Amino acid sequence: MSTDQTDTERASETGVTVDEDVTDLYTEYGEDRLPPGQRETDRFPVLSKSGTPSWDREEWTFEVWGAVEETLTFDYDAFRELPAVTQRQDFHCVTGWSKLDCAFTGVPFPEIVERAGVHHDAVHVMFHALDGYTTNLPLEACDREEVLFAWGYDGERLPTDHGGPLRVVTPHKYAYKGAKWVTGVEFLTEPERGYWEKRGYSNTANPWAEERYS
Ligand SMILES: Nc1nc2c(c(=O)[nH]1)N[C@H]1C(S)=C(S)[C@@H](COP(=O)(O)O)O[C@H]1N2
Ligand SMILES: [Mo]
């Protein structure tokens, strides 16, 4: 697949109806849709620090806490009832591959911000996951419609290897900013670093500026 196809051609390839195409967000950051130093892949590789954790649908919860008016807890069914959107997005891994035209379905980050009533002094966010993974972003970097808590991929339930039942996707950042198996989001009044950010990966992770390592 080349990067100069039309949107119509792309839509017919995946066969999934999308509500929004956000693959043009690169124009905020760079000239080319494919960030520098990346190569396009048709596969969707699996990358995890320590394998795929198991989870139990009855026990699973998603929590929102920290600098918020209201701590929120959802079980799986309650989370699936939140308003969701299907977006066509690109996915850029810091190790050098990019998968274009992924169809992710999920709940936009601002929906969670609104429901929790995030405090005015909240400036930062930490995502927590089942495998002990964490990753962080400034609130203003993740409070955007393209950051999804995704439970669907290509019209199906998100596969467990790719972070099911729920993962975060951050199409404007390298993919390590998107926690797979996410179980909670914590709003912070001071910046903190997550798993890879403490181990030499870039804190800012802008693919178009090749912010890979710090
Ligand atoms: N919970 C969790 N989330 C994670 C990771 C992980 O090890 N654990 N790895 C990150 C990295 S480095 C990448 S590139 C993407 C890979 O997502 P994929 O396996 O669906 O391709 O997930 C990110 N999110
Ligand atoms: Mo990665």
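Everything numeric here is computed off the predicted structure, so don't read it as measured data.

Novice: What is the right way to read the nonpolar core from this model?
Specialist: Proteins that are soluble and globular tend to have nonpolar side chains buried together. Membership of the largest hydrophobic core comes to 40 residues, with the highest contact counts inside it found for Phe62, Phe79, Phe109, Phe127, Phe149, Val185 and Phe187. Residue assignment for this core shows that the elements contributing at least two residues are strand 3 (61–66), strand 4 (72–75), helix 2 (76–80), helix 3 (109–116), strand 7 (124–129), helix 4 (139–142), strand 9 (148–153) and strand 12 (182–188). The greatest single-element share of this core, amounting to four residues, is contributed by helix 3. Sequence-distant contacts of Val185, that is, excluding residues within four places in its chain, are made with Phe62, Glu63, Val64, Trp65, Phe109, Ile112, Val125, Met126, Phe127 and Phe149.

Novice: Help me understand the side chain of Arg167 in this model?
Specialist: Note on placement: Arg167 falls in strand 11 (residues 167–169). The charged side chain of Arg167 is buried without a salt bridge, its nearest counter-charge being Asp131 at 10 Å. In this structure the side chain of Arg167 is engaged in a polar contact, spanning 2.9 Å, whose partner is the backbone oxygen of His162.

Novice: Which parts of the structure should I look at to understand the sheet that holds strand 8 (residues 134–138)?
Specialist: Either a parallel or an antiparallel arrangement is found when strands of a sheet pair, and the pairing is made through backbone hydrogen bonds. The five strands lie next to each other as 4-3-12-7-8, forming an open sheet whose pairing is mixed. Two strands in the sheet have a free side with no partner beyond their single neighbour: strand 4 and strand 8. Direction aside, neighbouring strands of the sheet carry axes that sit 15° apart on average. For strand 7 and strand 12, the ladder comprises six bridges, and the chain directions are antiparallel. Bridge pairing links Phe127 to Val185 in strand 12. In the packing of helix 3 onto the sheet, the strands contacted are strand 3, strand 4, strand 7 and strand 12, and the crossing angle to strand 12 comes to about 60°.

The rules behind these values
Residues numbered from 1 in each chain as written. Chains lettered and ligands numbered in written order. Predicted model: local features only at pLDDT ≥ 70, side-chain atom pairs only at ≥ 80, totals over all residues. Heavy atoms only, no water. Core = buried A, V, L, I, M, F, W, Y, C linked by side-chain atoms within 4.5 Å. Buried < 20%, exposed > 50% of the residue type's maximum accessible area, 1.4 Å probe, protein only. Helix = DSSP H or I, 4+ residues; strand = E, 2+ residues; numbered from the N terminus. Contact = heavy atoms within 4.5 Å. Lys, Arg positive; Asp, Glu negative; His and termini not counted. Salt bridge = Lys/Arg side-chain N within 4 Å of Asp/Glu carboxyl O. Polar contact = N/O pair within 3.5 Å; in protein donor to acceptor, adjacent residues only side chain to side chain. Pairing = 2+ DSSP bridges. Axes fitted to C-alpha atoms, helices over the stretch in contact; angles between N-to-C directions.

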